[in-house]
Amino acid sequence: MKLSKEILNGLLIFFGIAIYFLLMQALGFSDNYVLRFLNIFIVYFGVYKTLKSNFNEGKLGYIENLISAGFTAINGVVLSFIGLILYIYANGGQSFLNHLSPGFIFSGNPTVSEYCFGLLFEGLASAVIIVFISMQYWRSKMALND
């Protein structure tokens, strides 16, 4: 069974974010929420690979590429969300969460589900923005090749 490029690049996003998060954890930077914004570049890379592949295959339709890029980004973000929940619970649940970026999204002490859903919505919003920025780049690139 061959997986689609959208799923493969979504998995690439997931593994990229997971490795980046684990590296931040190992280096002691997991409490620095500013470094978490670098996830944007990992998501952009996965979306870029999908759109570049589509472009090379001659798939030039805007809607087709928008759906393809969107599925790639959302796939990566949702897998990362699931991975984060599993990781938090595997490391002690609420007690582990209490030392992860206090006040990053919420003030006070969010529950694991509040924290993860907050990051999910932030990730989905970022993914949508990345997809639209990427689509504008590829649309201008396609216009130059006409």
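Residues numbered from 1 in each chain as written. Predicted model: local features only at pLDDT ≥ 70, side-chain atom pairs only at ≥ 80, totals over all residues. Heavy atoms only, no water.

## What to know about the environment of Lys49
Mapped onto the elements, Lys49 comes out in helix 2 (residues 39-56). Here the alpha-carbon distance between Lys49 and Asn9, two residues 40 residues apart in the chain, equals 7.1 Å. Ignoring anything within four residues of it in the chain, the contact list for Lys49 reads Asn9 and Leu12. (Helix = DSSP H or I, 4+ residues; strand = E, 2+ residues; numbered from the N terminus. Contact = heavy atoms within 4.5 Å.)

## Digging into the environment of Asn9
Inspection of the secondary structure puts Asn9 in helix 1 (residues 5-27). Considered as a pair, Asn9 and Gly46 are 37 residues apart in the sequence and their alpha carbons are 5.0 Å apart. With residues up to four places along the chain from it excluded, the contact list for Asn9 reads Gly46, Lys49, Thr50 and Thr72. Within the structure, Asn9 has its side chain in polar contact with the side chain of Thr50 (distance 2.8 Å). (Polar contact = N/O pair within 3.5 Å; in protein donor to acceptor, adjacent residues only side chain to side chain.)

## Describing the confidence of the model for the protein chain
The share of residues in the protein chain with pLDDT of 70 or more is 88%, and the mean pLDDT across the chain is 86. Mean pLDDT values over the elements of the protein chain span from 83, in helix 4 (residues 94-97), up to 94, in helix 3 (residues 62-90). (pLDDT = per-residue confidence, 0-100.)

## A few points about the packing of helix 1 against helix 3
Axis separation between helix 1 and helix 3 bottoms out at 8 Å; the angle between their running directions is 40°. Comparing their axes, helix 3 and helix 1 come out oblique. The hand of the helix 1/helix 3 crossing is right-handed. Contacts between helix 1 and helix 3 involve Glu6, Ile7, Asn9, Gly10, Leu11, Ile13, Phe14, Ile17, Phe21, Leu22 and Gln25 on the former and, on the latter, Ser68, Phe71, Thr72, Ala73, Asn75, Gly76, Leu79, Ser80, Gly83 and Tyr87. The residue makeup of the contact of helix 1 with helix 3, split by class, is 11 nonpolar, 9 polar and 1 charged. (Axes fitted to C-alpha atoms, helices over the stretch in contact; angles between N-to-C directions. Parallel < 35°, antiparallel > 145°, perpendicular 65-115°, else oblique. Left-handed = near helix turned anticlockwise from the far one by under 90°. Nonpolar A, V, L, I, M, F, W, Y, C, P; charged D, E, K, R; others polar.)

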